[in-house]
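These are the residues of each chain, in order.
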Amino acid sequence: MSKFWSPLVSSLVPYVPGEQPKIANLVKLNTNENPFGPSPKVIEAIQAELNDNLRLYPDPEGESLRKTLADYHSVRPEQVFLGNGSDEVLAHIFHALFQHGEPVLFPDVTYSFYPVYCGLYNIEGKTVPLTDSFEINPEDYRQPNGGIIFPNPNAPTGRCLELEHIESILRANPDRVVVVDEAYIDFGGETSISLVDKYPNLLVCQTLSKARSLAGLRVGFAIGHPDLIEALNRVKDSFNSYPLDRLAQAGAKAAYEDEAWFQKSCKGVISERERVTESLKGLNFEVLPSKANFVFARHREKSGESLAKALREQGIIVRHFNKPRISDFLRITIGTPDQNDALIAGLESL
Ligand code: PMP
């Protein structure tokens, strides 16, 4: 606390990102990065962009990348909004679309950045409990609200909601924006982007950090009705006109031009996820059905905290949340086959 801080800053409870330890040879399964790496075409495109043009500002509208994303998802470029990682897109969403004097609804077990944005923008948040099996019940989203947001698949549970249930939430809330945060959608879920022309209150958010293996490049986007996109652009252009640098725009575009790499990477993660799930079940874990690049699992006897600590001593890092309902769970990112073998061997030894 300092006398120079504004009252808002004193009240903030910032998000705590997963650790990025600077220790060699760690089995790092704590931040849902993709172990298979970006397409070589992305690296080439970024290298080609490393030239004297860096003295010039990048395209503030990211027109070329927006067109690529629009074509890929069969929408129009004016339905696409770009941001510096989907975290930035989400921040602008809270700022631009959720301030309606009523609480924004999100699940009690979900991405922990949502309450942080509420704090930053002075929005009331209201948590809606997941069911006992950690699922979203669409019926629970029929109550007065200033907007709704949830990840699909949900994080950290990994559980996916069917499109028909998303539609029922959209139909029950025609006057409020419903945001589906699809950070993990490519690992087996079905995207809601096909619904944006039917529901003007739907905004779908995606990232290149997971399935495209570009967490270090910081690119995310939202797709929805042009009116929603315009609101986001008004906030963006009141904050930072150039959120995506030249390298990010070029690399992101190239990622969508290598479909074969993307498909192979997703398939690799999915088949390893199924293998890890079976192994964990064999080790007396309950594993929630996951459609993400991580699994959420609890041991039937040992505490989550003790397991996370013991794995850490073996150089294996997973995520543990000391929070109500989920303190016995571990969120384990799916790694390379070797990393997953190390995880299983580590748990067997415990
Ligand atoms: N949404 C969810 C549900 C996430 O888990 C993450 C990753 N922490 C993000 C959004 C943000 O991802 P990024 O900013 O890398 O696009």
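About the cut-offs
- Residues numbered from 1 in each chain as written.
- Predicted model: local features only at pLDDT ≥ 70, side-chain atom pairs only at ≥ 80, totals over all residues.
- Heavy atoms only, no water.
- Axes fitted to C-alpha atoms, helices over the stretch in contact; angles between N-to-C directions.
- Helix = DSSP H or I, 4+ residues; strand = E, 2+ residues; numbered from the N terminus.
- Parallel < 35°, antiparallel > 145°, perpendicular 65-115°, else oblique.
- Left-handed = near helix turned anticlockwise from the far one by under 90°.
- Contact = heavy atoms within 4.5 Å.
- Nonpolar A, V, L, I, M, F, W, Y, C, P; charged D, E, K, R; others polar.
- Patch = residues over 30% accessible without salt bridge, like charges linked within 9 Å, V, L, I, M, F, W, Y side chains within 5 Å.
- Areas by Shrake-Rupley, 256 points an atom, 1.4 Å probe, with all protein chains shown as cover.
- Salt bridge = Lys/Arg side-chain N within 4 Å of Asp/Glu carboxyl O.
- Near = heavy atom within 4 Å.
- Polar contact = N/O pair within 3.5 Å; in protein donor to acceptor, adjacent residues only side chain to side chain.
- Pairing = 2+ DSSP bridges.
- Domains from an automatic or database assignment.
- Buried area = accessible area lost by both parts, 1.4 Å probe.
- Buried < 20%, exposed > 50% of the residue type's maximum accessible area, 1.4 Å probe, protein only.

> What exactly am I supposed to notice about the packing of helix H2 (residues 40–48) against helix H8 (residues 246–255) here?
Packed helices, taken two at a time, are described by the angle their axes make and the gap between the axes. Two numbers describe how H2 lies on H8: the axes approach to 8 Å, and their chain directions differ by 150 degrees. In this view, H2 runs roughly antiparallel relative to H8, as classed from their interaxial angle. Handedness of the H2/H8 crossing: right-handed. Of H8, the residues touching H2 (which contributes Lys41, Val42, Ala45 and Ile46) are Leu247, Ala250, Gly251, Ala254 and Ala255. Looking at side-chain class alone, the contact of H2 with H8 contains seven nonpolar, one polar and one charged residues.

> What is the right way to read a nonpolar patch on the surface from this model?
Together, Met1, Phe4, Trp5, Leu8, Val9, Leu12 and Leu120 give the surface a local cluster of nonpolar side chains, amounting to about 740 Å² of exposed area. Mapping Val9 onto the fold places it in helix H1 (residues 7–11).

> What's the story with the site of the ligand in this structure? I'm lost.
As a structural note, the neighbourhood of the ligand is formed by 14 residues, with Ser86, Asp181, Tyr184, Thr207 and Ser209 the closest of them. Ser86 places a polar main-chain atom, nitrogen or oxygen, 2.7 Å from an oxygen atom of the ligand. In this structure, a nitrogen atom belonging to the ligand sits 2.7 Å away from a side-chain N or O atom of Asp181. Relative to its unbound accessible surface of 400 Å², the ligand loses 91% to contact with the protein.

> Mind showing me how you'd approach the sheet that holds strand S8 (residues 220–224) here?
Sheet strands pair via backbone hydrogen bonds, and the direction of the pair is either parallel or antiparallel. Ordered in space as S2-S8-S7-S6-S5-S3-S4, the seven strands form an open sheet in which the pairing is mixed. The open sheet has two edge strands, strand S2 (80–83) and strand S4 (125–128), and neither has a second partner. Between one strand axis and the next, the sheet turns by 20 degrees as a mean value, whatever way the strands run. Here helix H3 (residues 63–72) sits on the sheet and contacts S2 and S8; the angle it forms with S2, its principal contact strand, is near 125 degrees.

> Please clarify how the domain arrangement of the chain should be interpreted in this entry.
When the parts come together, some accessible area is lost, and that loss is often what is quoted as the size of the interface. Structurally, the chain comprises domain 1 (7–37 + 260–349) and domain 2 (40–258). Inter-centroid distance (C-alpha atoms) of domain 1 to domain 2 is 23 Å. Of the residues lining the interface, 34 residues belong to domain 1; the matching set on domain 2 comes to 34 residues. The contact between domain 1 and domain 2 buries some 2700 Å² in all, and 63% of this surface belongs to carbon and sulfur atoms. Summed over the three residues of domain 1 that lose the most area to domain 2, namely Tyr15, Phe262 and Arg325, the buried surface amounts to 27% of that side. Applying the counting rule to domain 1 against domain 2 returns one salt bridge.

> Got a minute to help me understand the pattern of salt bridges in this structure?
Pairing of side chains with opposite charge becomes possible as their charged atoms draw close. According to the stated counting rule, one finds 18 salt bridges in the structure shown. Arg55 is the partner of Asp52 in a salt bridge, and the nearest nitrogen-oxygen pair spans 3.0 Å. Accessibility assignment for this pair places Asp52 and Arg55 in one class, exposed. Connected via shared salt-bridge partners are Glu167, Arg171 and Lys198.

> Hey, could you run me through the environment of Val116 in this one?
Its location among the elements puts Val116 in helix H5 (residues 113–121). Taking the C-alpha atoms as reference points, Val116 and Val13, separated by 103 residues in sequence, lie 6.5 Å from one another.

> Would you explain unusual backbone geometry in this entry?
Negative phi values dominate among residues other than glycine, just as trans dominates among peptide bonds. Along the chain, Asn152 connects to Pro153 via a cis peptide bond; the corresponding omega equals -5 degrees. Each neighbour pair has its own omega, and for Ala155 with Pro156 the value is 10 degrees, a cis peptide bond. Among the secondary structure elements, Pro156 is positioned in the loop between strand S5 (147–151) and helix H6 (163–172). At Asn122, a position not held by glycine, the phi torsion is positive, near 60 degrees. In the Ramachandran plot, Phe134 falls in the positive-phi region, its phi being about 65 degrees despite a non-glycine side chain. Among the secondary structure elements, Phe134 is positioned in the loop between S4 and S5.

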